[in-house]
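Coordinates in review
Listed here are the chains, written in short residue letters.
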Amino acid sequence: MKGQTVVSLCVRHMFDVSVFLFQDDYIPYPRIEEVLERGEPYPQVILPEFGGYWIEDPDAPPPSTDSRGKEEEEVGEEEGRQEEETAPGDYGYRLEEINEAARAYRKHFLGREHLNFSCSSSSVGNLLLSVRHEQEKEHEHLHVIIRSRVKSVYHRLSLAELPDIPSVPELTKLLCDEAAGLRFSPILYPKASQLIVNYDEHEVNNTYKFGVIYQRFGQVSEEELFRNNEETLAFTEFLQLLGDTVDLQDFKGFRGGLDVSHGQTGSQSIYTVHRQQEIMFHVSTKLPFTEGDAQQLQRKRHIGNDIVALVFQEEATPFVPDMIASNFLHAFIVVQAEEPCSETTSYKVSVTAREDVPPFGPPLPNPAVFKKGPEFREFLLTKLINAELACYKSDRFARLEERTRAALLDSLHDELQRRSQSMLGLTSGPEEEGRGENGQAHGGLLESIKRAMRGRSVSMETMSRGGAGLPTSLSGGGLAHLNVEVSCSAATVEGQSSAPVIVCRSPTELKNKNSPRSNLKFRFDKLSHSAAVSLCDSQSAGSLFT
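Residues numbered from 1 in each chain as written. Predicted model: local features only at pLDDT ≥ 70, side-chain atom pairs only at ≥ 80, totals over all residues. Heavy atoms only, no water.

**What to know about the overall build of the protein chain**
Within the protein chain one finds 17 helices and 17 strands. Per-residue burial over the protein chain gives 55% buried out of 546 residues. Here the protein chain displays about 23,900 Å² of accessible surface, and carbon together with sulfur accounts for 49% of that area. (Helix = DSSP H or I, 4+ residues; strand = E, 2+ residues; numbered from the N terminus. Buried < 20%, exposed > 50% of the residue type's maximum accessible area, 1.4 Å probe, protein only. Areas by Shrake-Rupley, 256 points an atom, 1.4 Å probe, with all protein chains shown as cover.)

**Describing helix H8 (residues 233-242)**
For H8, the buried fraction is high: seven of the 10 residues fall into the buried class. Turning to H8, its buried residues are Ala234, Phe235, Glu237, Phe238, Leu239, Leu241 and Leu242.

**What to know about the packing of aromatic side chains**
Counted according to the given criterion, the structure contains 17 aromatic pairs. Here the aromatic rings of Tyr208 and Phe210 are separated by 6.1 Å at their centres, their planes lie at 10 degrees, and the arrangement is stacked. Phe210 shares its class with Tyr208; the two are buried. Between the aromatic rings of Phe238 and Phe312, the centroid separation amounts to 5.0 Å while the plane-to-plane angle is 25 degrees, which identifies the pairing as stacked. With Phe238 in helix H8 and Phe312 in strand S13 (residues 308-313), this pair connects stretches of sequence that are 74 residues apart. In this structure an aromatic cluster arises from ring pairing among Tyr93, Tyr214, Phe235, Phe238, Phe312, Tyr347, Phe370, Phe376 and Phe379. (Phe/Tyr/Trp six-rings, centres within 6.5 Å; stacked < 30°, edge-to-face > 60°.)

**Observations regarding the confidence of the model for the protein chain**
Residues of the protein chain with pLDDT of at least 70 account for 67%, and the chain-wide mean is 74. Across residues 65-86 the pLDDT falls below 50, and counting only partners more than four positions away or on other chains, this stretch makes 39 contacts in the model. (pLDDT = per-residue confidence, 0-100. Contact = heavy atoms within 4.5 Å.)

**Re the side chain of Ser394**
Inspection of the secondary structure puts Ser394 in the loop between helix H10 (374-391) and helix H11 (395-423). Judged by relative accessible area, which is 0%, Ser394 ranks as buried. For Ser394, the side chain forms a polar contact with the side chain of His330, separated by 3.5 Å. (Polar contact = N/O pair within 3.5 Å; in protein donor to acceptor, adjacent residues only side chain to side chain.)

**Points about the side chain of Asp410**
By the element assignment, Asp410 lies in helix H11. You can call Asp410 buried: its relative accessible area is 12%. Among the polar contacts listed, one links the side chain of Asp410 to the side chain of Asn126, at a separation of 2.7 Å.

**Looking at the pattern of salt bridges**
All told, the structure shown has 14 salt bridges when counted by the stated rule. Among the salt bridges present, the one from Arg149 reaches Asp410, with a minimum N-O distance of 3.4 Å. Here Asp410 lies in helix H11 and Arg149 lies in the loop between strand S6 (139-147) and strand S7 (152-158), a separation of 261 residues in the sequence. Classification of Arg149 as buried rests on a relative accessible area of 9%. Salt bridges sharing common partners tie together Arg132, Glu134, Glu136 and Arg156. (Salt bridge = Lys/Arg side-chain N within 4 Å of Asp/Glu carboxyl O.)

**Structural notes on the nonpolar core**
One broad rule of soluble globular proteins: the nonpolar side chains tend to lie buried together. Core analysis: the biggest nonpolar cluster contains 48 residues, and Phe238, Leu242, Phe281, Leu310, Val335 and Phe376 have the highest contact counts within it. Breaking this core down by element, the ones donating at least two residues are strand S9 (207-215), H8, strand S12 (277-283), S13, strand S14 (331-338), strand S15 (346-354), H10 and H11. With 10 residues, H10 is the single largest residue contributor to this core. Once residues within four sequence positions are removed from consideration, Leu242 is found in contact with Val212, Ile270, Thr272, Phe281, Leu310, Arg377, Leu380 and Leu381. By size, the runner-up hydrophobic cluster in this structure holds 28 residues, among which are Ile46, Phe226, Leu258 and Leu287. (Core = buried A, V, L, I, M, F, W, Y, C linked by side-chain atoms within 4.5 Å.)

**Description of the packing of helix H6 (residues 192-200) against H11**
Here H6 crosses H11 at 180 degrees, and the two axes come no closer than 11 Å. In this view, H6 runs roughly antiparallel relative to H11, as classed from their interaxial angle. Contacts between H6 and H11 pair Ala192, Leu195, Ile196 and Tyr199 from the former with Arg405, Leu408, Leu409, Leu412, Glu415, Leu416 and Arg419 from the latter. Broken down by class, the residue content of the contact of H6 with H11 amounts to eight nonpolar, no polar and three charged. (Axes fitted to C-alpha atoms, helices over the stretch in contact; angles between N-to-C directions. Parallel < 35°, antiparallel > 145°, perpendicular 65-115°, else oblique. Nonpolar A, V, L, I, M, F, W, Y, C, P; charged D, E, K, R; others polar.)

**Overview of the environment of Leu47**
Note that Leu47 resides in the loop between helix H1 (32-38) and strand S3 (53-55). Along the sequence, Leu47 and Pro28 sit 19 residues apart, while their C-alpha atoms lie 9.6 Å from each other.

**So, unusual backbone geometry**
The residue after Gly361, namely Pro362, is reached through a cis peptide bond having omega -5 degrees. Within the secondary structure, Pro362 sits in the loop between S15 and strand S16 (369-371). Across the junction of Asn366 and Pro367, the peptide omega takes the value 5 degrees, indicating a cis bond. Residue placement: Pro367 occurs in the loop between S15 and S16. Within the chain, Lys137 stands out as a residue other than glycine whose phi angle is a positive 55 degrees. Its place among the elements puts Lys137 in the loop between strand S5 (127-136) and S6. Backbone geometry places Cys341, a non-glycine residue, at a positive phi of 55 degrees.

**Digging into the pairing of S7**
Side chains on a regular strand alternate between the two faces of the sheet. Of all seven residues in S7, seven are buried; the element is thus mostly enclosed. Residues Ser152, Tyr154, Arg156 and Ser158 of S7 are buried on one face, and the alternating residues Val153, His155 and Leu157, pointing to the opposite face, are buried as well. Where S6 and S7 come together, seven bridges link them in antiparallel fashion. Opposite His141, over in S7, you have Ser158 as the bridge partner. (Pairing = 2+ DSSP bridges.)

**Looking at the packing of H8 against H10**
Interaxial distance between H8 and H10 falls to 9 Å at its minimum, and their mutual angle equals 75 degrees. Judged on the interaxial angle alone, H10 and H8 are roughly perpendicular. Contacts between H8 and H10 pair Phe238, Leu241 and Leu242 from the former with Phe376, Arg377, Leu380 and Leu381 from the latter. Taken together, the residues of the contact of H8 with H10 sort by class into six nonpolar, no polar and one charged.

**A look at a nonpolar patch on the surface**
A surface patch of nonpolar side chains, about 400 Å² in accessible area, is lined by Leu188, Met423, Leu424 and Leu426. Relative to the elements of secondary structure, Leu424 occurs in the loop between H11 and helix H12 (430-437). (Patch = residues over 30% accessible without salt bridge, like charges linked within 9 Å, V, L, I, M, F, W, Y side chains within 5 Å.)

Here you go:
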C-alpha cells in the first residue's frame, strides 16, 4: 500500500463487497448541520463524517448462501427446524441464528447412552467430544459434537458413508484438520452430562433488551435526544405496536436491568414476547428525567448499554448513528411515521450498523415502507433480534467471545478430569470435590454458570461497578454468562497462542483474511446433515461510553 492507509467507504450495497479508497482520495461525508441547511428532502439516515457505518440498501440483492447457510438449510430438514420455519403468522421472516450446536446435546444426547471424551492439546487447546450411536430401521448414524476454543460443531454422520465406526481420533481428524495424532481419555464422572449441557447452553439466549429513542425534527445531538419527555400520539401508537405497557413495580418477567422494586428507573416500560423470546424495551421518554443533567445519565446508562436501538421519527429528519457516544450500540433501526394515527398509517424504515457488523435479515423491501399491522411488527421484532445476533460477530464482541469461551472450556475440561480421576480413586475424592464446590480450590463450572445466570437481571449500574461494563442483554445469554471468576481465568488464556473466531461477512474480514486468528479450519464439506454454530460469550468490556 506504500504506506498509505486504506479506509472503507461505507456507502455501499448491504450485501456487496465494500469499496476501498486510499486516504488521499477520501472525502468526508457532509455534517448533519450541512444536510439540514440544504433543506428538504432529508435522508432518513446519513453516515458519520468519517464513516465507520453502513446503511442497508433496499435495492441490494439478497445475501448469497454461504457454507453456514447451507448447513442450516440441511439441519432445517429436521422436524424442529421445520416447525420453526413454518410457524403461522411469521410472514416468512425467520430468526437467523438457531444455536443448533448449543442445543444438540440436550436434544440428541442427554438421557441416552453415549460417550464423552476429553483431550489436552497444546496446538488447538482443550477438546471435548461427545459421541452417540443411533439406529433407525436400516440406517445407522453417529451424532458427534466437538467443542474447542473456536466453537462447537455438531454433525449427524451416516455410517453408510464409512466402512466402520471410526475411532475417536479418526472422528476428530475428520472434523478438524489440525486435530491429528491426539490422544483422548474417557470421561468417567457419572454426572458429567449435567456439566456438559450447562456449558453448551450457557450462551443460549431467550431474552433481549433494545433501546427506543424519540427524535424530533432537527435534533442533532444525544443531549437533545435524551431531553425529550413528551410522548406524542404518533409515538404512543408506535409503542403500542411494539408491545404491552407494563408496570415495573413487582414485574415478574425479564426486566432488562430495570428496577422493579424501588421505582428508580421509572414506573412503566414496554415489554413483549416474540417467538418465545422475552423483549424489554428501554424507552427514553419513560426512563427518569433529571433536571439540571444535560447528559441525562439515568437514560443513557440503559440505552447506551444496549446493543441495538430503535429511533422513532415523527417527521422527516436525518439521523446519524454516532450521535450517541457508546461502546455498545452497534446497530440502529430508524422508523419514520407517515400519516400517523389514521387508517392509512405506514412506517418508513432504514437500517444502519457499524462496518464490522455483518448483514442481517430480513432484508428491507423496496420501497422500505410498511403498513401498520401485525406483519410490520413481525418484521421489526425479527429484525431487532437478528441485528443483535449479528452484532455479536463484530470485532469487539468476537474478541470477548474468544477469550471467554476458552476460559469456560478450560474450566470444564479441568473439572471433568479431576472428577474422573476421583472416580478412579486417584485423588482425595470427596474432600477435594467438597472444596471445589465450596469455591476454595475449584470454582466449579456448574457453580460459575449458575452464578452468572442468577445475575442475568442485574442492572447495568451494578454490573459496571469495578469496570465490568456489560449490557444486561449480554448477562441474559448470548455473549453473556460471565463473572469475575471467569474474567480472571480468561486473562491467563491471553498469553497462549490465540485461537480464531468465527468469520464475519464484513469489510473488516476482507482486510484481515490472513489473520493468524483464522488458522484453525473446520471441514464442513465432507459430511451431510451438519450444523456449525459458534457459542457467543463475553468478557468484561471496560468503560461504558466513549
